[in-house]
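# Commentary on secondary and tertiary structure
So you can see what is in the structure, the chains are spelled out below.
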Amino acid sequence: MNNVMAILRRDFGAYFTSPIGYIFMMVFVTISVGLYITSFFSFPVADMRPYFDNLPLLLCVFIPAVTMRIWAEERKENTWEMLLTFPMQAWELVAGKFLAALLFFAVTLFSTVTVPLMLLSLGTPDLGAIFGGYLGTVLLGAFFLALGILFSGFFKDQIVAFAVTLLTCFSLFLVGTQFIASYIDDRIAGVGSALSELLGFISHYGAFTRGVVDFASVIYFIVWIAVFLVLNVLFIDGRNRPGARTIFAAACALSLVIGLLFNYVMSGSSLFRVDLTQDKIYTISKASKAILSELETPVQVKVYITPKDSMPTGMKELEQDITDKLEEMRIGSDGKVDYTTVYLEVANVIADPATPGEEKQDENEEEAIETRMLDKGVEPFNVRAMSQDEVTNKLVYSSIGIAYKDKAEEIIPQVVPQTIQELEYKVVSSVYKLTREEKPVVALVAPKEAVSIDPQMRQILMQMGQPVPESDDPYVYLEQILDVEKYEVQRVDLTKESPLPEKYDTLVVVNPRALNERQRWEIGRALHGGANVVLAVQQYEWDYRATRNGNTVSRRDEDPAINELLESYGLGVSDEILMDVNQVPLTIQGGGGSLQDMLQGGQPFKLPMHILVNNSSMDQEKSITSRLSNVFYLWGTGLEIQEEKLKELGLTADVIMTSSERAWTVSGDAAMTAASFQEPAETDREIVPLMAMIEGQFPDAFAGKERPEWPKSEQQPNQFGQPPAPENDAPEAPATPVEAKPGKLILMGCSEMFRKNFLQADNLDLFLNCVDAVTLNENLVNVRGRKPIDRTITRPSDNQKTVWRMANYGLANIIIASIGVGLFAARRRARNAYTMSHVMDD
């Protein structure tokens, strides 16, 4: 090893004896970091995956520039023969030069440390994923270095060595991309996918950027690095020997065959994986294991999928991804998950074996399985595929069937690569709900809005036999998603005509409006009796108007009249207007608006009431919010929590969502001016609680009082002008006593985020998490949260942007240049001192 270290020190020092090494480092840092920073501040996210995704293409250029001189310069300066006369073996020379180049690359890569430091300062990045990305980059760099050193020994001209290495690296990069593989497959079926599996490195490198260390990918890089280095040793050792070229050519052919066979055997397999991500999102969760391990008998899972050969190029690995996930579930559940694969061909269901009216030739001929599967809900669906230089649609099968005991098979349709991350939740939730004897009942109270229809249009609809819409349901999606999640939803108005059901598991009240005394009594009775309640309250709504003369906004008060009840528990929903620097624009359609409005189809309004709550403002310990990315808290207000009164009542309140630290409030009675929408001084900013979970024995807010009567409704004549039917004045049955039981209340100061116009994915997940957490098993909520977080960062201030731009663009380069100047000065002083010492001796 002494010889290896001697070559390593010699070559590593050579990178820094001239400005070339420093220039390489500065160029790499500037381009790689610059590409990332350019788009980072437009939408800041604490995630380095976009940075690592850019590196393969950049390394295709940078690495050949590093390796082109390693052997070619030795030959050009006639030091090649001198090296070979040293008492060193060829492998020691190759190993020393390779390790020197790898160390230089590692130092260069370390110079980009300002990027993770910036993310740590501004947000909460996943350090495990960042480490995995750097590890993958080092392995990819070593792969290119070994290849480049091999080619450098073939040529005396450095430019030729650079060009050949660059073309080879770029070709390996391209052949691994889905676009090129699809393009080749379209012309020669299967060739593009085969080349991608055998030669491409993108899939192996991509696992590291996600934060997963797959040892099959590690071995892939190590094997090919070893192949290139061994070939380099053989080339150096056999040079100028009789028959050396023939021996080397045979060694090249044999090594390539061995390497390609290894790639073929390892393709699509996973020997062992280490999930480096913060919450182990690519590993089956403990919550899933807990749910599956409680099964009395194994659950039967069938994968209905098109064979790999008939799949589009981008979906050829889908079956492997699905079965890998199911295998993890089987192992984690101690064999409680049995899975099989059923191959289905679209051609069998499209083909017509017999024309209409014509009997089958063979009466015993069985109906195709694809046709029988249609009755179960297993249907082919369209996906995009490349064909003849065009994007076309192709029908494929990819569904999962889940059966437990004697219950009907549950179908999970359209499983595609983009939804693989959700597969664990879909399977486990289906299993969990199949094991329940009865569906959980959710009583949903959400208002519908009257629809104003022109009388003439009403008459036309009636003449055409079309239904006349009397109301619009802004919360229809909440009811639909609960039904999809296998809840029994009972939609009620919380009135005398539409009261709460006798039995229910959870009461969900969204956007209560002017609650009367009886409605508050019903909600308070539910809490006192141990029912689980989800309460989303809206204090204000805003109207927007885009005109040629400018944009105007006006506030509409929506008094929910719920605070009279909440005060009994030491709670309340603030009537102060909440604003936050974390905001998103809202596009409003404006009739007769500006030219921009007419051209773009809407006028954007960017106001601080359009609050975007990032995951950094959510409780990461609570399953409800731990895996949400961001929530659109539109026109919401804060909560009022009286800690002393809660403690006196024996209730516990956990705030699970807050505003950012740069939020502020404006009195609801104050006149709104332009200054009201401007960020105030730091002393006037605050963190405001937005959502809380309260648990314990809720007191009877109406203790000692008679049950309030339902108010008499103001009935209107019907659409034909006929008087309404007389109201039923029969006396109500006495209220049944309620046994006091501990319950749960989830309270939030916003309901607009659940309206169908604004119901984005994370808002919907928040709603489902709330209902699941209080109704079912919290393990199920934890499983649903098994997805990568986009880790949106609170928008940095202008000063922060300036500081980090300077740090990323300039700090590393200044340090590199300073080290170079310092070393140059030190060498010059040493040389002058040496010269002076010899002069003095003379």
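Residues numbered from 1 in each chain as written. Predicted model: local features only at pLDDT ≥ 70, side-chain atom pairs only at ≥ 80, totals over all residues. Heavy atoms only, no water.

### Notes on a negative patch on the surface
- Together, Asp559, Glu564, Glu567, Asp575, Glu576, Glu640, Asp669, Asp684 and Glu686 make up a region of like negative charge exposed at the surface.
- For Asp684, the position within the fold is in the loop between β25 (663-666) and β26 (689-696).
- The class of Asp684 is partly exposed, set by a relative accessible area of 48%. (Patch = residues over 30% accessible without salt bridge, like charges linked within 9 Å, V, L, I, M, F, W, Y side chains within 5 Å. Areas by Shrake-Rupley, 256 points an atom, 1.4 Å probe, with all protein chains shown as cover. Salt bridge = Lys/Arg side-chain N within 4 Å of Asp/Glu carboxyl O. Lys, Arg positive; Asp, Glu negative; His and termini not counted. Charge placed at Lys NZ, Arg CZ, Asp CG, Glu CD. Helix = DSSP H or I, 4+ residues; strand = E, 2+ residues; numbered from the N terminus. Buried < 20%, exposed > 50% of the residue type's maximum accessible area, 1.4 Å probe, protein only.)

### Some thoughts on the packing of aromatic side chains
- Applying the stated criterion to the full structure yields 32 aromatic pairs.
- Relative to Phe62, the ring of Phe28 lies with its centre 4.8 Å away and its plane at 40 degrees, an arrangement referred to as tilted. Here Phe28 is found in helix α2 (residues 19-40), whereas its partner Phe62 is found in helix α3 (residues 49-67), with 34 residues between them in sequence.
- Given the relative accessible area of 2%, Phe28 is considered buried.
- One cation-aromatic arrangement involves Arg69 over Tyr15; the distance from NZ or CZ to the ring centre is 5.5 Å. (Phe/Tyr/Trp six-rings, centres within 6.5 Å; stacked < 30°, edge-to-face > 60°. Lys NZ or Arg CZ within 6 Å of the ring centre and 35° of its normal.)

### Side note on a nonpolar patch on the surface
- Taken together, the side chains of Ile20, Ile23, Val27, Ile31 and Leu35 make up a nonpolar region of the molecular surface, amounting to roughly 420 Å² of accessible area.
- With respect to the element layout, Leu35 can be found in helix α2.
- The class for Leu35 is partly exposed, based on a relative accessible area of 48%.

### Some remarks on the sheet that holds strand β7 (residues 398-403)
- Taking strand neighbours across the sheet as the criterion, the four strands line up as β4-β3-β7-β8 in an open arrangement whose pairing is mixed. Of all the strands in the sheet, the pair left with one neighbour each is β4 (337-343) and β8 (410-412). In this sheet, adjacent strand axes meet at a mean angle of 20 degrees when their direction is disregarded.
- Of the strand pairs in this sheet, β7 and β8 are connected by three bridges, and their pairing is antiparallel. Across the sheet, the residue bridging to Ile402 is Glu410, located in β8.
- Along the sheet, helix α16 (residues 318-332) makes contact with β3 (299-305), β4 and β7, crossing β4 at roughly 165 degrees. (Pairing = 2+ DSSP bridges. Axes fitted to C-alpha atoms, helices over the stretch in contact; angles between N-to-C directions. Contact = heavy atoms within 4.5 Å.)

### Looking at the pairing of strand β14 (residues 532-536)
- With five of five residues buried, β14 lies mostly within the body of the structure.
- Here β14 shows no split at all, with Asn532, Val534 and Ala536 on one side and Val533 and Leu535 on the other all buried.
- Here strand β13 (residues 506-510) runs beside β14; their pairing, made up of five bridges, is parallel. Within β14, the residue paired with Val510 across the bridge is Ala536.
- For the segment spanning β13, helix α22 (residues 517-528) and β14, crossover handedness is right-handed.
- Inspection of the sheet shows β14 paired to strand β27 (residues 743-748) by five bridges, in the parallel sense. Looking across to β27, one finds that Val534 is bridged to Ile746. (Right-handed = clockwise from strand over helix to strand, strands pointing away.)

### Quick look at the packing of α2 against α3
- Running from N to C, α2 and α3 cross one another at 160 degrees; their axes reach a closest spacing of 10 Å. It follows from the interaxial angle that α2 and α3 lie roughly antiparallel. When the axes of α2 and α3 are compared, the crossing they make is right-handed. Here Phe24, Phe28, Ile31, Ser32, Val33, Leu35 and Tyr36 of α2 come into contact with α3, specifically with Pro50, Tyr51, Asn54, Leu55, Leu58, Leu59, Phe62, Ala65 and Val66. (Parallel < 35°, antiparallel > 145°, perpendicular 65-115°, else oblique. Left-handed = near helix turned anticlockwise from the far one by under 90°.)

### A word on the packing of α3 against helix α9 (residues 158-175)
- Packing of α3 against α9 leaves a shortest axis separation of 9 Å and a crossing angle of 155 degrees. Judged on the interaxial angle alone, α9 and α3 are roughly antiparallel. As for how α3 packs across α9, the hand of that crossing is right-handed. Here Pro56, Leu57, Cys60, Val61, Pro64, Ala65 and Thr67 of α3 come into contact with α9, specifically with Phe162, Thr165, Leu166, Cys169, Phe170 and Phe173.
- A breakdown of the residues in the contact of α3 with α9 according to their chemical character gives eleven nonpolar, two polar and no charged. (Nonpolar A, V, L, I, M, F, W, Y, C, P; charged D, E, K, R; others polar.)

### Description of the sheet that holds strand β24 (residues 652-658)
- Overall, mixed pairing links the seven strands, which are arranged β12-β9-β13-β14-β27-β26-β24 in an open sheet. For this open sheet the edge positions go to β12 (488-492) and β24, each flanked by a neighbour on one side alone. The mean angle between the axes of side-by-side strands here comes to 15 degrees, regardless of whether they run parallel or antiparallel.
- In the packing of α22 onto the sheet, contacts are made with β13, β14 and β27, and the angle to β13 comes to roughly 145 degrees.
- Each of β9 (441-445), β13, β14, β24, β26 and β27 is contacted by helix α26 (residues 761-775), which is oriented at about 165 degrees to β27, the strand it contacts most.

### Quick notes on unusual backbone geometry
- Within the chain, Ala514 stands out as a residue other than glycine whose phi angle is a positive 45 degrees.
- One can find Ala514 in the loop between β13 and α22.
- Despite not being glycine, Trp635 has its phi angle at roughly 60 degrees, a positive value.
- For Trp635, the position within the fold is in the loop between β22 (630-634) and β23 (639-641).
- For Trp635, a relative accessible area of 8% gives the class buried.

### A look at α26
- Its 15 residues place the ends of α26 21 Å apart at the C-alpha level, agreeing with the 21 Å of an ideal helix rising 1.5 Å per residue.
- With 13 of 15 residues buried, α26 is to be regarded as a mostly interior element. (Expected span 1.5 Å × (residues − 1).)

### As for the nonpolar core
- Counting residues in hydrophobic clusters, the biggest one holds 81 residues, and the most contacted among them are Phe62, Phe98, Met118, Phe143, Phe144, Phe201 and Phe221.
- Apart from residues lying up to four places away in sequence, Phe221 is in contact with Leu139, Leu140, Phe143, Phe201, His204, Tyr205 and Phe208.
- Formed by 77 residues, the second largest nonpolar core is a distinct cluster that contains Leu578, Leu690, Met753 and Leu768. (Core = buried A, V, L, I, M, F, W, Y, C linked by side-chain atoms within 4.5 Å.)

### Focus on the pairing of β3
- Judged by how many residues are buried, β3 sits mostly within the fold: five of seven residues are covered.
- Pairing of β3 with β4 involves seven bridges; the strand directions are parallel. Note that in β4 the partner of Tyr304 across the bridge is Val342.
- Read as a crossover between parallel neighbours, the route from β3 over α16 to β4 is right-handed.
- Bridge count for β3 against β7 is six bridges, and the pairing is antiparallel.

### Overview of the side chain of Ser623
- When you line up the elements, Ser623 lands in the loop between β21 (610-614) and β22.
- Those residues in contact with Ser623, other than ones at most four positions away along the chain, are Asn769, Glu778, Val781 and Asn782.

### Examining the environment of Ser616
- Assignment of secondary structure puts Ser616 in the loop between β21 and β22.
- Sequence separation between Ser616 and Thr124 is 492 residues, and the spatial gap between their C-alpha atoms is 7.3 Å.

### Brief notes about the confidence of the model for the protein chain
- In this model, the protein chain carries an average pLDDT of 83, and 86% of its residues clear a pLDDT of 70 or more.
- For the stretch residues 352-365, pLDDT sits under 50, and the model shows two contacts to residues farther than four places along the chain or on other chains.
- Contacts from residues 591-599, a stretch scored under 50 in pLDDT, to residues over four places away or in other chains number 21 contacts. (pLDDT = per-residue confidence, 0-100.)

### Remarks on the state of the cysteines
- All chains considered together, the criterion is met by zero disulfides.
- Lacking any disulfide linkage, Cys169 is separated from the closest cysteine sulfur, that of Cys60, by 5.5 Å. (Disulfide = S-S within 2.5 Å.)

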